[in-house]
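Residues per chain, in single letters:
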Amino acid sequence: MQRALCFTLLLAGAAFSVAQSPRCLVGQPLATNGSAILDLMNPLANELDATGQVSCVTYGIEDPLIRQAFLENRIARPEKLYKIDEVLTAAKALSIPFVAWIDAQNTTLKGSNQKVLLCHLVMYKNGKKVWEDSDTQGLNVGSGANMDDTIHSVMSSLNTKLQEGPFKGMAKSPKAGDGGIGKGQSPVIPDTNDDDPTLNDWNAIQEKVKEKLAEGKRRAAETMLRDAIDAAPTDPVRRKALIDLLQGSVDTIDAAVEVTIAAAEALGDPSMITKAARILIDNDKIDRANEIVKDAIVSQPNNPEVQLLQAELQLRTSKPDQALAHVENALKVKGTAEGFLLRAICRALLGSAEGAKLDIERATKENPQILSTNYIQIASIVDSALEVEGPDLRSLVQKAELKRTADEVTEGLDAQDRMAKACLLLFGENAMNPKFEKSHGIRLLALNLLVQTIAELRHFSTQGDAGSLSDAKNDIAEIVKTLAEAKEAFSKDRTDARIDHVSG
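Since we're looking at a predicted model, the values are computed, not measured.

Parameters and conventions
- Residues numbered from 1 in each chain as written.
- Predicted model: local features only at pLDDT ≥ 70, side-chain atom pairs only at ≥ 80, totals over all residues.
- Heavy atoms only, no water.
- Helix = DSSP H or I, 4+ residues; strand = E, 2+ residues; numbered from the N terminus.
- Buried < 20%, exposed > 50% of the residue type's maximum accessible area, 1.4 Å probe, protein only.
- Areas by Shrake-Rupley, 256 points an atom, 1.4 Å probe, with all protein chains shown as cover.
- Salt bridge = Lys/Arg side-chain N within 4 Å of Asp/Glu carboxyl O.
- Phe/Tyr/Trp six-rings, centres within 6.5 Å; stacked < 30°, edge-to-face > 60°.
- Pairing = 2+ DSSP bridges.
- Core = buried A, V, L, I, M, F, W, Y, C linked by side-chain atoms within 4.5 Å.
- Contact = heavy atoms within 4.5 Å.
- pLDDT = per-residue confidence, 0-100.
- Expected span 1.5 Å × (residues − 1).
- Axes fitted to C-alpha atoms, helices over the stretch in contact; angles between N-to-C directions.
- Parallel < 35°, antiparallel > 145°, perpendicular 65-115°, else oblique.
- Left-handed = near helix turned anticlockwise from the far one by under 90°.
- Nonpolar A, V, L, I, M, F, W, Y, C, P; charged D, E, K, R; others polar.

Things to note about the overall build of the protein
Then step 1. Each helix and strand in the protein was counted, giving 22 helices and 5 strands.
Then step 2. Sorting the 504 residues of the protein into buried and exposed places 47% on the buried side.
Then step 3. Entry remark: accessible area of the protein is about 24,200 Å², with carbon and sulfur atoms responsible for 51%.

Structure (C-alpha cells):
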C-alpha cells in the first residue's frame, strides 16, 4: 500500500539522516499577542533540514517518530499546552541531543505604526541552554502570503546565525529534491488513497474504531482516525470524528483543541477556531480560551460567534456589563437562540428579571431545547458570578455596621436583591436538564439564602436590629458553604453526564 510504503521509507530516511547528522527536537510555546496559531516549528525544521547540519523532529503527535515513541510508552503524549521541560524530557528519552525552542510575537515598533514579527530562538544541547538570539521582520497585517514569507525570512536569518554560532564547524548534509517544502518529519500524506482500500473505506474505518472503543482501546482508535485523516486530509467528516473522540475524555481535551485548530488550517475553515475555543470553555480552561478568542477577534472583529465567545468569557469573570456589549454586537448581525440566551444571563446578573425573562422567551422560540442543551453553560456562568457574592456581602455588612442608613448600603442591597431574584427566574424551580437535578436544587437553595440574607441586612439597615445583623452574618457563611456544595455536585453531575454520553 502506498501510505504504508511512504511511512516505511520515511523512517528509513530518518534513520539514515541520524547517521549523517545529529537530531534536533523542535518545540514551540503557547504564543501571545496574536500569534497563538502561527506555525513556527515546521518552517524552522524545514530551514534546518535544508542545510542538513541537524535532522529535525517536531514535537507533536503528528510527527511519526514522536507518535511511535508515544505508542511505545517511551515518552508522554505531547499536548497543546506543553512547556520546555516536557520537550527536554522527551529529547532525553529519545537520545536527541539538540532542542530548538522557537517563540514569536506580533508587535509594533516603538515610535511608528510598523507591524513586525519578533521571533526568539533558544537552543539546548544535552538539556543545557547553549545559545539564544532573536530576529525581527516587518509584515503587512492581514496578508497571509506575506506572513508566510516573513516567517520563512526570519527562519532563514536564524539558521544563518546558528551556522555562525552553536552549529559552526558542523558538517552540512542538505536534503536533495525537497526544495524546502514539507513539514520537518511530519507524516507523508499521499495525494490520493485510492490504492489503499482500507484507508479509502470510511465505513470500514468507523466499524474498526467502534470495535476498538468497545474493547477499551481508545489510543488504538485515536491512531486509526489520525491515519485516516493523513490519507484524506481535506475530509471534514474524518476530522470531526477525531475531535468528537478526543472530546469524550477529560484527559484528551487539549488534544481535541490541537486537532480542531489543525482542521481549521487544513480545511481553510476559521469557524473551527471558535469550535476550539468552545471546547476549552466547556471544560473550564478559561485562560487558554481567552488567548484563542483574542486572536480570533483580531482577525474576525465582526464575527458574531467570536463576539458571543468573548461575551461568555467576560461573564465567567463576573463582567456582565462588558459582556452585554459583545452580545448586542452579535445580535445586530444575527438574532440567534445562543445570543438571546447569553443576553438573558447578562441581564439576570445585572439584576433585570424582566429583561432576562423576555430574552429567555426569544431564545426558546428560536430553539425550544436551548435551556436544556445549554444548561452547563448557564450554570457554569452563574456559579462563577456567585463566587464573588460572599466577599461582596461581607463588604456590605462592614459598610452597614459603619453607617447602616448610607445610600451606598441601600443601593448595594437593592442590586444584590435584584440579581438574586433574576437568577432564580433564570433557572426556574425545576432543572432544565434532569441530569443536573441534584446540583440544581442546591444552587437554588444558595440563591434563596442570598435573598433571605439581603432581607435581614435590609431590616438592620432600616430598623437597626442587631439580631438581624447577626443572622445575616451567619447566613453569609452558610451561602458560601452551600455554593461550594452546589459546585461540587455540579462537577459530579457533569462527569456522570459525560460518561452517559460516551457510553451511549
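Thoughts on the pattern of salt bridges
Then step 1. If you walk through the whole model with that rule in mind, you get 25 salt bridges.
Then step 2. Residue R238 pairs with D235 through a salt bridge whose shortest N-O separation is 3.3 Å.
Then step 3. Across the pair R362 and D359 runs a salt bridge, and its minimum N-O distance is 3.4 Å. Within this pair, R362 and its partner D359 are both found in helix α16 (residues 353–366), separated by 3 residues, close to a single helical turn.
Then step 4. Given the relative accessible area of 0%, D359 is considered buried.
Then step 5. One salt-bridge network, in which partners are shared between bridges, spans E328, R343, R347, D359 and R362.

Thoughts on the packing of aromatic side chains
For any pair of aromatic rings, geometry is given as the distance between the ring centres together with the angle between the planes.
Then step 1. Inspection of every chain in the model, using the stated rule, returns 6 aromatic pairs.
Then step 2. Ring geometry for F98 and F167: centres 5.3 Å apart, planes at 80°, overall edge-to-face. Taken together, the positions of F98 in strand β3 (residues 98–108) and F167 in the loop between α5 (144–164) and α6 (197–200) put the pair 69 residues apart, joining distant regions of the chain.
Then step 3. A centroid spacing of 5.7 Å and a plane angle of 50° characterise the contact between F436 and F490, whose relative ring orientation is tilted. Taken together, the residues span a long stretch of sequence, with F436 in the loop between α20 (407–427) and α21 (437–463) and F490 in helix α22 (residues 466–503) at a distance of 54 residues. Across the pair, F490 and F436 agree in class, each one buried.

Observations concerning the pairing of strand β1 (residues 23–27)
Then step 1. Extensive coverage of β1 is indicated by the burial of 5 of its 5 residues.
Then step 2. Side chains R23, L25 and G27 of β1 all project onto a buried face; the interleaved residues C24 and V26 project onto the opposite face, where all are buried too.
Then step 3. Bridge count between β1 and strand β2 (residues 55–58): 4 bridges; the pairing is parallel. What sits directly across from V26, in β2, is T58.

As for the nonpolar core
Then step 1. Formed by 60 residues in total, the largest nonpolar core has its most connected members in L315, L342, I345, I378, L426 and F427.
Then step 2. In this structure, I378 is in contact with L341, I345, L371, L426, F427 and M432, ignoring residues within four places of it in sequence.
Then step 3. By size, the runner-up hydrophobic cluster in this structure holds 46 residues, among which are I96, L117, M123 and M155.

A short note on the confidence of the model for the protein
Then step 1. Mean pLDDT over the protein works out to 81, with 81% of the residues at or above the 70 mark.
Then step 2. The model gives residues 32–36 a pLDDT under 50, and that stretch makes 13 contacts with residues more than four places away or in other chains.
Then step 3. The model gives residues 141–145 a pLDDT under 50, and that stretch makes 1 contact with residues more than four places away or in other chains.

Examining α20
Then step 1. When the terminal C-alpha atoms of α20 are compared, their 31 Å separation across 21 residues agrees well with the 30 Å that a helix rising 1.5 Å per residue should span.
Then step 2. Of all the positions in α20, only V409, G412, L413, Q416, D417, M419, A420, A422, C423, L424, L426 and F427 are classed as buried.
Then step 3. At the exit of α20 stands G428, carrying a positive phi of roughly 75°.

Quick look at the packing of α16 against α20
Then step 1. Put simply, α16 and α20 touch, their axes get as near as 9 Å, and they point 20° apart. Classified by the angle between their axes, α16 and α20 sit roughly parallel to one another. The crossing of α16 and α20 is right-handed. Judged by residue contacts, A353, K357 and I360 of α16 engage A422, L425 and L426 from α20.
Then step 2. Taken together, the residues of the contact of α16 with α20 break down into 5 nonpolar, no polar and 1 charged.

Here we look at unusual backbone geometry
Apart from glycine, the bulk of residues carry a negative phi angle, and the bulk of peptide bonds sit in the trans form.
Then step 1. Residue S95 is not a glycine yet carries a positive backbone phi of 55°.
Then step 2. What makes S95 exposed here is its relative accessible area of 61%.
Then step 3. Despite not being glycine, N126 shows a phi value in the positive range, around 55°.
Then step 4. Overall, the relative accessible area of 59% leaves N126 in the exposed class.

Brief notes about the environment of F167
Then step 1. We classify F167 as buried; its relative accessible area is 1%.
Then step 2. Counting along the chain gives 113 residues from F167 to V54, while the straight-line C-alpha distance between them is 8.7 Å.
Then step 3. Discounting chain neighbours no more than four positions away, the residues touching F167 are L48, Q53, V54, F98, M123 and L162.

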